[in-house]
Every structure is written in C-alpha cells, then in structure tokens.
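Here is how the chains run, residue by residue.
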Amino acid sequence: MSERQRAPRRLPSRRGGDSRRGSKPAERSEALARREIGRIRFMDRQPVNLDGFAVENPDLGLVALRSPYDPEPSLTITDGRVTELDGIAEADFDSIDTFIARHGIDVEAASAAMGLDDVEFARLLVDPRVPRDEVVRLSAGATPAKLARVLALLKPHELGMAMAKLRARRTPSNQAHVTNRLDDPLLLAADAATAAAFGFREIETTVPVLADAPSNAVACLIGSVAASPGVLIQCSVEEAQELELGMRGLTSYAETVSLYGTEQVFRDGDDTPWSKAFLTSAYASRGLKMRVSSGAGAEVLMAGAERKSMLYLEARCVALARAIGAQGVQNGGIDGASVAASVPSGLRELMAENVMVMMRNLESCSGNDALMSESDMRRTSRTLPIVLAGSDFAFSGFGSIQRYDNMFGPSNFNAEDIDDFLAMQRDWGVDGGLRTASADLIAAVRLEAAQACRAVYAYLGLADFTDEHLARAVDAVGSKDLGETDTLAVLAAAQSIRQRGLMVTDIVTALDECGYSDLAERTVAFVQARLLGDHLQTSAIFDERLRVLSLVTDPNDYSGPGTGYEPSGPRLAEINAIRQERGVADLLQEQAGAAQPSLLVPAGPAASGADPRDVVIGVSPAVGRDVWRCLSGLTVPDVLREILVGLEEEGCAGRVVRFSDTVDLGQIGLAAARLSGSGIGVGLQGKGTALIHRRDLAPLANLELYSVAPTITRQLYRLLGANAARHAKGGTPDPARNPYSDEAIEARYHTVVIALMELERRHVRPGAPPEELRCPT
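Rules and cut-offs
Residue positions are given per chain, counting from 1 as you read along its sequence in written order. It should be noted that, the model being predicted, local features are given only for residues of pLDDT at least 70 and side-chain atom pairs only at 80 or more, the latter also being counted only at that level, while totals for whole chains, interfaces and linings use all residues. Think of the side-chain values as coming from all heavy atoms in the structure, minus any hydrogens and water. Secondary structure follows DSSP: runs of H or I at least 4 residues long count as helices, runs of E at least 2 residues long count as strands, and numbering of each begins at the N terminus. Whether two residues are in contact is decided by their heavy atoms, any of which lying within 4.5 Å being enough. Using a 1.4 Å probe, the Shrake-Rupley method yields the accessible areas, and only the shown protein chains count as cover for residues. The convention is simple: Lys and Arg are positive, Asp and Glu are negative, and His and the chain ends are not counted. All charge positions are set by atom: Lys at NZ, Arg at CZ, Asp at CG, Glu at CD. Note on classification: 1.4 Å probe, protein chains only; a residue is buried when its accessible area is under 20% of the maximum for its type, exposed when over 50%, partly exposed between these limits. Arc, as used here, means the arc of the directions from the helix axis to the C-beta atoms. Strand pairing is assigned whenever DSSP detects at least two bridges linking the two strands. For every element, the axis is a line fit to its C-alpha atoms; helices are fit only across the contacting stretch, and the angle between N-to-C directions ranges from 0 to 180 degrees. Here a polar contact is taken to be a pair of N or O atoms separated by no more than 3.5 Å, where protein atoms must pair a possible hydrogen donor with a possible acceptor and residues adjacent in sequence count only if both atoms sit in side chains. Here a cavity denotes a set of grid points, spaced 1 Å apart and computed over the protein atoms alone, in which a 1.4 Å probe fits but from which it cannot get out, and a pocket denotes an open set meeting protein on both sides within 12 Å along at least five of seven lines; residues with an atom within 4 Å of a point are reported as lining. Grid points are joined across faces, edges and corners, and a volume is the space filled by probe spheres set on the points. Classes in brief: Ala, Val, Leu, Ile, Met, Phe, Trp, Tyr, Cys and Pro nonpolar; Asp, Glu, Lys and Arg charged; the others, Gly included, polar. Just so you know how the angles are binned, under 35 degrees is roughly parallel, over 145 roughly antiparallel, 65 to 115 roughly perpendicular, and the rest oblique. Left-handed describes a crossing whose near helix is turned anticlockwise from the far helix through less than a right angle; right-handed describes the clockwise counterpart. Residues belong to a common nonpolar core when they are buried Ala, Val, Leu, Ile, Met, Phe, Trp, Tyr or Cys residues joined through side-chain atoms within 4.5 Å. What makes a patch is a set of residues exposed beyond 30% relative accessible area and free of salt bridges, joined within 9 Å when like-charged and within 5 Å when nonpolar (Val, Leu, Ile, Met, Phe, Trp, Tyr). Here, a salt bridge means any side-chain nitrogen of Lys or Arg that lies within 4 Å of a carboxyl oxygen of Asp or Glu. Each residue carries a pLDDT score, the predictor's confidence in it, ranging from 0 to 100.

1. Remarks on the overall build of the chain
And then number 1: Of regular secondary structure, the chain possesses 31 helices and 20 strands.
And then number 2: With the principal axes as the frame, the chain shows a C-alpha extent of 110 × 105 × 55 Å.
And then number 3: Put simply, of all contacts in the chain between residues at least 6 apart along the chain, 76% involve residues at least 24 apart.
And then number 4: Total accessible area computed for the chain in this model is approximately 33,400 Å², and 51% of it derives from carbon and sulfur atoms.
And then number 5: A distance of 10 Å separates the average location of the 82 positive side-chain charges in the chain from that of its 104 negative side-chain charges.

2. Brief notes about the side chain of S95
And then number 1: Residue position: S95 is located in helix α4 (residues 95-103).
And then number 2: Residue classification places S95 among the buried residues on the basis of a relative accessible area of 14%.
And then number 3: Once you skip the residues sitting within four places of it in the chain, S95 turns out to touch E263, P273 and W274.

3. What to know about helix α24 (residues 504-513)
In an α-helix, one turn spans 3.6 residues; hence positions three or four apart end up facing the same way.
And then number 1: For α24, the set of buried residues is V504, I507, V508, A510 and L511. Looking straight down α24, one finds that the buried residues subtend no more than 165° of arc, so they occupy a single side.

4. A word on the sheet that holds strand β20 (residues 771-774)
And then number 1: Spatially, 7 strands are ordered β14-β20-β16-β15-β17-β18-β19 in an open sheet, and the strand pairing comes out mixed. Two strands bound the open sheet, and with one partner strand each, they are β14 (601-605) and β19 (704-706). Averaged over all adjacent pairs, the angle separating strand axes in this sheet is 30°, with direction ignored.
And then number 2: Bridge count for strand β15 (residues 614-619) against strand β16 (residues 653-658) is 6 bridges, and the pairing is parallel.

5. A closer look at the pairing of strand β18 (residues 690-694)
And then number 1: Where burial is concerned, most of β18 is hidden: 4 out of the 5 residues are buried.
And then number 2: Strand direction decides the pairing type here: strand β17 (residues 680-684) and β18, joined by 5 bridges, are antiparallel. Of the residues in β18, the one forming a bridge with V682 is I692.
And then number 3: Between β17 and β18, which pair antiparallel and follow one another directly, the connecting turn spans 5 residues, one of which, G688, has a positive phi of 110°.
And then number 4: Where β18 lies against β19, 3 bridges are found, and the strand directions are antiparallel.

6. Considering the pairing of β20
And then number 1: Direction of pairing for β14 relative to β20: antiparallel, over a ladder of 3 bridges. Of the residues in β20, the one forming a bridge with V601 is R774.
And then number 2: Relative to β20, β16 runs antiparallel, the two sharing 3 bridges. Each bridged residue has a counterpart across the sheet, and for V656 the counterpart in β20 is L773.

7. Things to note about the side chain of S400
And then number 1: Looking at where S400 falls in the secondary structure, it is placed in the loop between β11 (396-399) and α20 (418-428).
And then number 2: The exposure class assigned to S400 is buried, which follows from its relative accessible area of 13%.
And then number 3: At a separation of 2.9 Å, a polar atom in the side chain of S400 contacts the main-chain carbonyl oxygen of H177.
And then number 4: Once you skip the residues sitting within four places of it in the chain, S400 turns out to touch A176, H177, V178, A195, F200, A415 and I418.

8. Considerations on empty space enclosed by the protein
And then number 1: Tallied over the full model, the rule gives 1 cavity of 30 Å³ or more.
And then number 2: Quantified by volume, the largest cavity comes out at close to 30 Å³.
And then number 3: Here the lining of the largest cavity is composed, by residue class, of 4 nonpolar, 4 polar and 1 charged.

9. Quick look at unusual backbone geometry
A negative phi holds for most residues other than glycine; trans holds for most peptide bonds.
And then number 1: In this structure, D79 is a non-glycine residue whose phi angle is positive, near 50°.
And then number 2: You can see D79 is positioned in the loop between β1 (75-78) and β2 (81-85).
And then number 3: Despite not being glycine, S539 has its phi angle at roughly 65°, a positive value.
And then number 4: Of note, S539 is situated in the loop between α25 (517-531) and β12 (541-542).

10. Overview of the packing of helix α8 (residues 144-152) against helix α16 (residues 310-324)
Helix packing for two helices is described by the angle between their axes and how far apart those axes are.
And then number 1: One way to put it is that α8 packs onto α16 with a least axis distance of 8 Å and a crossing angle of 125°. As far as their axial angle goes, α16 and α8 are oblique. Here α8 and α16 pass one another in a crossing that is right-handed. When α8 is examined against α16, the residues P144, A145, A148, L151 and A152 are found in contact with a partner set consisting of L311, Y312, A315, R316 and A319.
And then number 2: In the contact of α8 with α16, the residues fall into 9 nonpolar, no polar and 1 charged.

11. Description of the nonpolar core
And then number 1: Formed by 82 residues in total, the largest nonpolar core has its most connected members in F121, L125, L151, V292 and M359.
And then number 2: With 12 residues, α16 is the single largest residue contributor to this core.
And then number 3: When sequence neighbours within four positions are dropped, the list of residues in contact with L151 reads L125, L159, L311, A352, V355, M356 and M359.
And then number 4: The next biggest cluster of nonpolar side chains, apart from the first, holds 75 residues, and it includes V225, A437, L470 and I497.

12. Remarks on a nonpolar patch on the surface
And then number 1: A contiguous nonpolar patch, built from I37, I40, F42 and M43 and spanning about 370 Å² of accessible area, is present on the exposed surface.
And then number 2: Positionally, I40 belongs in helix α3 (residues 38-44).

13. Description of the pattern of salt bridges
And then number 1: Counted under the stated rule, the structure contains 50 salt bridges.
And then number 2: One salt bridge connects R378 with D51, and the closest N-O pair in it is separated by 2.9 Å. Of this pair, R378 sits in helix α19 (residues 376-389) while D51 sits in the loop between α3 and β1, and the two are 327 residues apart along the sequence.
And then number 3: Linking R426 and E581 is a salt bridge whose minimum nitrogen-to-oxygen distance equals 3.1 Å.

14. Details of the confidence of the model for the chain
And then number 1: Averaged over all residues, the pLDDT of the chain is 93; the fraction at 70 or higher stands at 95%.
And then number 2: Predicted confidence for residues 1-22 stays below pLDDT 50, and this span has 13 contacts to residues more than four positions away or in other chains.

15. Some points on the environment of K276
And then number 1: Within the secondary structure, K276 sits in helix α14 (residues 273-285).
And then number 2: Judged by relative accessible area, K276 falls into the buried class, the value being 3%.
And then number 3: Sequence-distant contacts of K276, defined by excluding residues within four places in its chain, comprise E239, V257, S258, L259, F266, D271 and I324.
And then number 4: Among the polar contacts made by the side chain of K276, one reaches the side chain of D271 at a distance of 3.0 Å.

16. Considering the sheet that holds β1
And then number 1: If you walk across this open sheet you meet the 3 strands as β1-β2-β3, and the pairing is antiparallel. Sheet topology places β1 and β3 (88-89) at the edges, where each strand pairs with a single neighbour.
And then number 2: In the sheet, β1 pairs with β2 via 4 bridges, with the strands oriented antiparallel. Note on β2: the bridge partner recorded for T76 is E84.
And then number 3: Across the sheet, α4 touches β2 and β3, and the angle it forms with β2 is around 140°.

What follows is the structure, given as structure tokens:
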C-alpha cells in the first residue's frame, strides 16, 4: 500500500473550512454572505430597511439613555443658593446651568430628592401608593442628571405606569396638524372642520410661505368653529408674527419657543434661556396658552451634543421649561425623533422625555408628530405605549391631512391612519382623544366651513373663490385635487389681513353679516372664555361646552386599579362606534339587496336518487331565505349555477337540496352524498365554503374542501362541480386547491361570518326533511 493510500482521509472542517483548499472559515462565511439568498432579498425589500440605524457613539451624542460622559448627579446649596450643579461649580456655570440653578431648583425639596437612591426614586414613580404630588415635589428638587439617571432605570412597561400616574390632566386629548402645500384657505377651513369633527382639541397650522400666515390662521379659526366650539388654534411661524396673530385673537396657543440642552446650540440660534423666558412671558401675558418645544436629537443634528446622552440633554431642557414658567413641553424627539429611533433604546428614551415633563408638573405634548420610520410596525410601537398609558396630548401633531400636504413634514400618524387609530382606541378600550365622525357629518361640516370661509373673504375684500373651487375644496383629499389655483390671491389676502390689522372681532362681524350667526356666536363665546384666562392653567383644554379641563379643574387622580380616568358610558360608546362595525341587522339589509327568490324556488321534499350520475348539492338552512350573497361577493344562485355547469360538463346531473336540520358543512355534504344516486355530494354554506363528500366517509372527512370562502371564484366553483362529477364516475381527479392569499382573511370576514351563521342558525329546524330547490341554469 502506498503512502498516499495509507494517509488518513481529510474531511472538511465542521466550522466551514476546507483543509485541502486552505480557505479559512471567515472567508467562506463572507462568500456565503455575498450570495443573493432569496430570504434575505425578500427581507431587504421591507420598508423597515429604508430606515437609518446608527452605531451607538457617545462622542457624537448618538446614545439614548446613558453616556459615559454624562455628569454624576450632585447639588450643593449654600445659604439657600445653588453653588454647584451636577459636578459644575458656580464659577463655571454656563447660561443653562445658571438659569436652572437660579430658577429651576426647589431648594426646600432638594435635600430629600438628591438624597434618594436612584432605584428608590424610580420606584416612587410607579408605586400607586405614592401620590403624584409627592413625586412632583421631589422632582422639583432634583437636578437634570438626577432625573435622567432615575428615568433611565425604568423599563418600558414601567414608563407606561409612570405616565398613567403622573400626567397632569385626567382626561387625555389630541392635537392635529392642518396645513396644505398651497395655503389654500377653503381647503384649510374644510380640513380644520374635519379635524374638529374627529375630536382634536388643538389644531396647529403652518405655512410654506411665511407671509401667508394670517390667512391660514383665519381659515383654521373659521373651519374649527364650523365643527366644534373651543378648539385651540396655533399658527407656527416666526415668533413675533405668531405673537401678533395671538394678540389679534386669531390664534390661541403657541409652542414654537425652542429649548436646547447645550449652550452652543442656544448660541447658534442667537438665543439664551433669558430670551426664551421673555418670549414665554410675552405670549402668556397676552392670553396665549404657552408651551415650549425641545426633544432628543436636536443637539446631535447641530453637532452640539457635547458627548452627552439624549436623555440628559433633554433633562436640562425640561428643567429650563419649568424654570421659565411655561405651561408645558412639546417633546419626545419632535424633529429629531428619527435620530433617537436610530440608536438602541431610542424609543424608550422618547417616552422617558414625556414622563420627565410630567414629573416637573407640566403639560406633556408627547411628540409623535414626525414620521420616525417607514415601517408601520415601528411607527405603531412608537405611539401605542403612550396612547395606552394616556397623555395630556398623545400627539403634538397628528397629521390629519395628507402626508404631502403636511408642511411640518409627515407625522408619525397621518390621514391614512385615522381609521386605524380609531380602531386602536376601540381595541384597547382607551381614550386617545378622537371619535368617529360619520360621512354625512364630515360632508356637512366641510361644506359649511368652506362656504363660511369664502363668504368672510369676500365680505372683507380679501379674495373671491369660484363655486368650482369651493366644490373641489369640500371634496378634496388634499391640495393635489384642487387643480390650478391662484396662490398670489392667498398672499394678497394674508397681506391685507396683516396691514389692515384685522382681528377676531372682524371675523365675527363678517360671519354674522354673511348669515353664519351660529358660527359668529360660537367664536364670540370662545373669545369670552379665553378672556377669563383659565386656559392659561397647566394642561388646559376647552371641551365642547367651553369648560376648561386642566391640572386645576381636572387633575389626574390615578392611584392604581379602579382609580383615575376611565371613559364615561357615553364616551366609551363614542369610542366603540367606529363606522366599520356591523351587526346582524346590517347583514340582513345587505343580503336582502341581493335576494333573487325566483332563482331558488322550493320544489317539495327531496327524494333519494337512483341515477349513478346523480349528484346532490346540499345547501345550508338560510340559503334562499335570508342568505343570498357569499363572502366572495358572488350570489348564491351564481355559485350554484357554476357548480351545476361543472357537473353537466362532465356528464352528471345536479340537484339542489336545502338541509334545514344543521349548519355544519360536513353534515350537509354527507347528507347530500347519501341522498344522491352516485353517492357523491357537494356541500355549500351560504357564506361560500364548499366541499365534496362521499356517502361512506365520516362527517369530518371529505374528498375536497374550499375553506377560504372569500377567495373562491366562479372558475373554482365550476371546477368543484366538475371534480364532483369525476368522483361520481369513479375517477381520481386532481383536487382543487384554495387560492394563494396573504390577506388578513380572518380579520376581514370573521365578524360577517358570525352574523351569517346567526342567520343560518335562525332557520335550523331539528328533524326537518330535506327540501329540493329549483335553480335555473
């Protein structure tokens, strides 16, 4: 035996290497990864892969909850004065430290707050036995680093528990974005009315052209009162102009005063905490509800994060918000939401921001106003926890209009998601602030809003709009449906509003003079309610009776199961009554519309067949009585005709027999087989499910089954008839199969099936003899 023959056989390495070829496992793995594997190609095509995901990098600020460069929490108070804050001595304070130290720390509560162990503090947030007021008291004495450390300890479900307990207002609410690419007033008015009809209690608009702002404010004001009293309006533009609109009574709140967590980014905007405090005071002192805006990712986008975590920087912003006297904070990422979402635990950080606002006893407007993902699943995972826990505002801008018309950029939920959101409320039995509005109501309020807006613009000499333009605005899904418009007319109208100093009283006069006295009265009542100033309370909204709901008048009283906000009976009924729900009465009406009594005529008791080519088609009890249309949309007579033709094409004769003693398809098919001369029967339920049976089989056994009724076509029913005939002749046909489908068949049809089966059950008569039906082909 040669040396070659005696040498041991070398096998490929179990780790993928081949010693004969000398390749390394890593090289083979890389080669495998480069192959276009079908499953990976499929995964690559999914929307989530359009999102950006970043490697965690503290040096860039790309870290959500904890950075190694975040300061250790610390606080020194000397003679009632903060002289050291989170490791920074007073002499080294930047402007943010200085403002927080002078105005944002409750020195009376500081010792207790800073003395608490982080875990012990975190447990207070979720313990229902600890009152909300106690958490608020301690939070007022905590530094930004302390609150960031505490909140970073909370798991996602604990953030939900904390939010349910700590939000300011008992009753949740929601805010809408209403804008369009053309700043078209009639479309704005119609869309504002639509938003108010759906239950939004705040409407925020903005402009692609700054000078159009006064026109947008007027249009949204008119549109909102057409559907509901008391909807607060904001026009988000340059701060001086926004304040001017508010002083004229055309808008009623603001939230565009932005705060940042590093001094560098403040300076980039030519701002300081003092200038922001001045602006906040200017708004509030003139009767405008006032929130500030912040949120993770802003400093990162400006390359000014100073290696700190997003949560710590936001903790500084929230401390500033409290110190400058704002009523609340719009945060949860906002424009930087996708930045936070790109890093590990980013969505957890966004929710922690909202809870931090609540701990500071401020109104939380909880973000969700920027599209943070192309994935529907990720979008929902961002929003759902907040809706379930309940926030003062679940969205600081639900895009109630088309994505392309949202001049803030698409929101996390948009017009195409309204029905989904309403269903989500119903699914969980929670109040997300919205309600179903019927098609008739939406049509009516859109028409009145657009007509009133056109009348006001004409009366005040601002602009004239044609009947065609009005009709298009009322019907429009978005601005693309308006056709060609005169954008210069909008600009001229806006300039006229500003130059003439038109005020809300001028709008009221125009409404009244043009025959819209009810809208004028609603607007006057709203202005009078605002003059009382109660809407300047923390977390204030008006309900539709112009009652103020706020931290003062409607405080959150959650302290565990059986406490806190629960939708009232009428409100729960409103949540549950989505427009898609159907009952047995609805189905009866729909089925009656498809009734064809002349095509299924009772012909007396059914006899046993003797012809070996005789095949009985057994139908369920309600067929030809209350059930006339299958889930596929085909009528029952159409289905029966196809089965009969299929039988005839193969040389067999079919008979239709109604079995009234059972609704079970297997029993119907077996009974049909035993009645037929061939021993082969077809069973058909009114919903369209069908099978082929043989007289010697058990009830649950069958030869062929169409189980997915909504997908069955005329051709498939004809094939079922043909195959039944082939079985009758002793053949072994290729079985018919259910069509491919990736639709949510069960979700789409099960509620209809329940109602159909109830109709079937109503006609069951135990022991009733089978009845032959004539079905002309």
